[in-house]
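Structural overview
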Amino acid sequence: KQVLEDVNGLGTSLLKRGLKDKRVAVIGRNCYQWCSSYLAVTGGIGCIVPLDKELNADELKNQIAISEAACVVFDGKYTDIFKNIRASGDTQLDVLISFDAETEKDGVLSWKQLIEEGKEMIEEGNFDYINAEVDNEIMSILIFTSGTTGKPKGVMLSQKNVCAELMIAPTIFTLEAEDRYMSFLPLHHTYEATCCFLMAMYKGSSV
C-alpha cells in the first residue's frame, strides 16, 4: 500500500513538471527510491532509462544524450555530475531529482518532497497520473548493454516484453509469497530488475 501511494505521488508530481511521454533516467544504489522511481515512470509517465552506477561523468553524459533523457533521478553523490551535464546544454536534460535531498536546492528537486507534493495533489482531486493509460507495445524501458562487444547499445523494451518474462519465469522455478530474495546485482541489470525486483513484487515475496 505504501509503495502504491508513493509511486502515485511521485508520478503525479512528474506529470506536473511536464514529463509526460519523456525519458527519465535513474541511477544509484539498490534501494527503495530506485525501485519506486522505476515504477512511477513506467506506470504512466514515459520511458525509464536505468544507468550503470559505475560509469564516469563523460560516459553518463554520453548515455544521457543518446537516450534523450529529460530527467534523471539519482543518488546524492551524482549531484554535481548531473548539474554540470545540464549546464553544458549539450543534452535534453532539464529536471534533476535527488534521492537524498530533504528540500529543493540549486535547481535539484527532492524525491521526498515530490512524493508528498503529489499525494497532496491527489487528495485535492488530481487523478491525471492514476488514470493515465499505459501502452504496453511502445518502448517503456531503455537499457544499455555493458559494452563488452563494443560501445554500449540501448536495448529497447516494451512493457509487454518484460511482463512476458514475468509470466514465463514462474514456470521454471517456484516462488512463493513467503520467500525472501537477497539482491546483490545492480538494479540496472535486466536480470536483477526482472528476476528480483519485478518478479518479487509480482509474486508478493520480499527483497
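Look up: the structure comes first, before these words.
Residues numbered from 1 in each chain as written. Predicted model: local features only at pLDDT ≥ 70, side-chain atom pairs only at ≥ 80, totals over all residues. Heavy atoms only, no water.

1. A look at the pairing of strand β1 (residues 23–27)
For β1, the tally of buried residues reaches four of five residues, placing the bulk of the element in the interior. Bridge count between β1 and strand β2 (residues 47–50): four bridges; the pairing is parallel. Paired with V24 across the two strands is I48, which belongs to β2. Remark: the β1/helix α2 (residues 32–42)/β2 crossover connection has right-handed handedness. (Buried < 20%, exposed > 50% of the residue type's maximum accessible area, 1.4 Å probe, protein only. Helix = DSSP H or I, 4+ residues; strand = E, 2+ residues; numbered from the N terminus. Pairing = 2+ DSSP bridges. Right-handed = clockwise from strand over helix to strand, strands pointing away.)

2. Comments concerning empty space enclosed by the protein
Enumeration according to the criterion identifies two cavities of 30 Å³ or more in this entry. W34, Y38, P50, I141, I143, L157, V162, L187, T190, A193, T194 and L198 together form the lining of the largest cavity. If you list the elements that add at least two residues to the lining of the largest cavity, you get α2, β6 (139–144) and α7 (190–203). With four residues, α7 is the largest single contributor of residues to the lining of the largest cavity. The residue makeup of the lining of the largest cavity, split by class, is 10 nonpolar, two polar and no charged. Reported here for the second largest cavity is a volume of approximately 30 Å³. Taken together, I27, G28, N30, W34, L51, K53, P186, L187 and H188 make up the full set of residues lining the second largest cavity. (1 Å grid on protein atoms, 1.4 Å probe; cavity = no way out; pocket = protein on both sides within 12 Å on 5 of 7 lines; lining within 4 Å. Points joined across faces, edges and corners; volume = space filled by probe spheres on them. Nonpolar A, V, L, I, M, F, W, Y, C, P; charged D, E, K, R; others polar.)

3. Here's the deal with the packing of helix α6 (residues 159–168) against α7
The relative placement of two packed helices is expressed as an angle between their axes plus a distance between the axes. Between α6 and α7, the least distance of the axes is 10 Å, while the angle of their chain directions is 70°. One way to sum up the angle between α6 and α7 is to call them roughly perpendicular. Contacts between α6 and α7 involve V162, E165, L166 and M167 on the former and, on the latter, T194, L198, M199 and Y202. (Axes fitted to C-alpha atoms, helices over the stretch in contact; angles between N-to-C directions. Parallel < 35°, antiparallel > 145°, perpendicular 65-115°, else oblique. Contact = heavy atoms within 4.5 Å.)

The quantities given are spatial measurements derived from coordinates; they are silent on function.
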